[in-house]
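Residues per chain, in single letters:
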Amino acid sequence: MLIGVPKEIKPLEKRVGLTPGGAEMLIRNGHKVVVETNAGVGSGFPDDRYTAIGATIVATAADVYGVADMIVKVKEPIAPEYPLIRKGQTLFTYFHFAASRELTEAMVKSEAVCIAYETVQKPDGSLPLLVPMSEVAGRMAPQEGAKYLEHPMGGRGVLLGGIPGVRPANVMVLGGGVVGTNSAKIAAGFGAQVTIFDNNLYRLRYLDDVMPRNCVTQMSTASNIREAIVEADLVIGAVLIVGAKAPHLVTRDMLSTMKPGAVIVDVSVDQGGCVETCKPTTHDNPTYVVDGVVHYGVANMPGAVPYTSTLGLTGATLPYAVELANKGWQNAVKENRELALGVNVVAGKIVYKAVAEAFDMQYDSLDSVL
Ligand SMILES: NC(=O)c1ccc[n+]([C@@H]2O[C@H](COP(=O)([O-])OP(=O)(O)OC[C@H]3O[C@@H](n4cnc5c(N)ncnc54)[C@H](O)[C@@H]3O)[C@@H](O)[C@H]2O)c1
């Protein structure tokens, strides 16, 4: 099979769908790889890293889409890419269809095979191609929090780990899933005093077992949060209720009880945020202040660390990409239920129910296109 890797063209997107290591793996499996020039540069992989392992560099996205049987990328296609996509071509990337009718209609029209990273699902319900980005954002959150706690950045001038004779910072982590656990681990590693709040007691029992002594757990209730937030230097929002808007665990009236110059990093801002006053921001202008509290609401945190994010993402996607290449998409999804759940649009039909429902469009079963 011929696998194509276009350069990402969404603003500020520096990740790439396939590393030179990933390309090498596909080539060793008997496939050919075509990469658009400079596709990997933003992630630290210049063209010669790809040519060294036998991939071909081509000049334009049209040269990639024009020949590839399967496109492996990172972000959903945007308007300039729509006309390049060919009937029957497999696209393996993030789509987030339910967020865009325009994209959904364009992919239906293209008659391509759209396999979405975000809906590939393990039997236990976990989403293996979303986890690496949650890990990145989770580990970044205390790092960003520490930065904005510095006085010149608008914070209250507190060092996360304290020093001998001076207490460390007090960090609240709301939600103890992938983001929250990674945040708590890093904040505790800095030496901060960390409390994880979750409403799942089983999860709290597990975290209590595995986290270090400077990280404790507490049930997520409004009164517990209201009481604790008074002492917090840094609050990290990491809640997720699948398929729903995040609940506002930190309400507007709680802000006035917080220390001036305290920092909130709401990672869950992409699902509406678990802090009432949080709104999405960008890496160009990541923070704003409400009631003396610094708010950080960057909705695509992994974009700031494209090297780590690309390696993390492709480490998770590569086994699926190899399977799709080796077997062809139809046999691959017949044999692998995880991949089957990733198929959203095929040959002009929407085969993922939630996407069809989101836009009141026709749903067809996956079996009808296999
Ligand atoms: N901003 C970014 O760049 C970025 C990057 C990756 C992920 N995210 C977002 O971060 C959020 C968390 O993702 P995740 O992968 O950790 O999800 P997850 O499902 O692993 O964890 C969510 C946790 O929230 C807990 N929870 C649910 N309701 C709660 C409540 N009322 N109080 C306390 N805890 C509650 C759940 O029990 C679970 O442990 C998601 O919204 C995700 O989209 C954002």
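Now for a description of the structure that goes with this document. (Residues numbered from 1 in each chain as written. Predicted model: local features only at pLDDT ≥ 70, side-chain atom pairs only at ≥ 80, totals over all residues. Heavy atoms only, no water.)

The sheet built from seven strands is open, its strands ordered β9-β8-β7-β10-β11-β13-β12 with mixed pairing. Every interior strand has two partners, whereas the edge strands, β9 (215-219) and β12 (287-290), have only one. Each neighbouring strand pair of the sheet contributes to a mean axis angle of 20°, computed without reference to strand direction. Direction of pairing for strand β7 (residues 170-174) relative to strand β8 (residues 193-198): parallel, over a ladder of five bridges. (Pairing = 2+ DSSP bridges. Helix = DSSP H or I, 4+ residues; strand = E, 2+ residues; numbered from the N terminus. Axes fitted to C-alpha atoms, helices over the stretch in contact; angles between N-to-C directions.)

Right, let's get into the side chain of Glu 36. For Glu 36, the position within the fold is in strand β2 (residues 32-36). Salt bridges are absent for the buried Glu 36, whose nearest opposite-charge side chain, Lys 7, sits at 7.1 Å. Side-chain polar atoms of Glu 36 contact the backbone nitrogen of Ala 61, separated by 3.5 Å. When neighbours within four sequence positions are excluded, Glu 36 is seen to be in contact with Val 5, Pro 6, Lys 7, Asp 47, Val 58, Ala 59, Thr 60, Ala 61 and Val 64. (Buried < 20%, exposed > 50% of the residue type's maximum accessible area, 1.4 Å probe, protein only. Lys, Arg positive; Asp, Glu negative; His and termini not counted. Salt bridge = Lys/Arg side-chain N within 4 Å of Asp/Glu carboxyl O. Polar contact = N/O pair within 3.5 Å; in protein donor to acceptor, adjacent residues only side chain to side chain. Contact = heavy atoms within 4.5 Å.)

Around the ligand, the structure places 27 residues, and the nearest of them are Val 179, Asp 198, Ser 220, Asp 270 and Met 301. A distance of 2.8 Å separates an oxygen atom of the ligand from a polar atom in the side chain of Ser 134. Contacts to the ligand include Asp 198, whose side-chain N or O atom sits 2.7 Å from an oxygen atom. For the ligand, the accessible surface in isolation is 870 Å², of which the surrounding protein chains cover 84%. If you list the elements that add at least two residues to the shell around the ligand, you get α5 (131-149), α6 (178-190) and β8. It is α5 that contributes the most residues to the shell around the ligand, three residues altogether. A per-class count over the shell around the ligand returns 15 nonpolar, ten polar and two charged. (Near = heavy atom within 4 Å. Areas by Shrake-Rupley, 256 points an atom, 1.4 Å probe, with all protein chains shown as cover. Nonpolar A, V, L, I, M, F, W, Y, C, P; charged D, E, K, R; others polar.)

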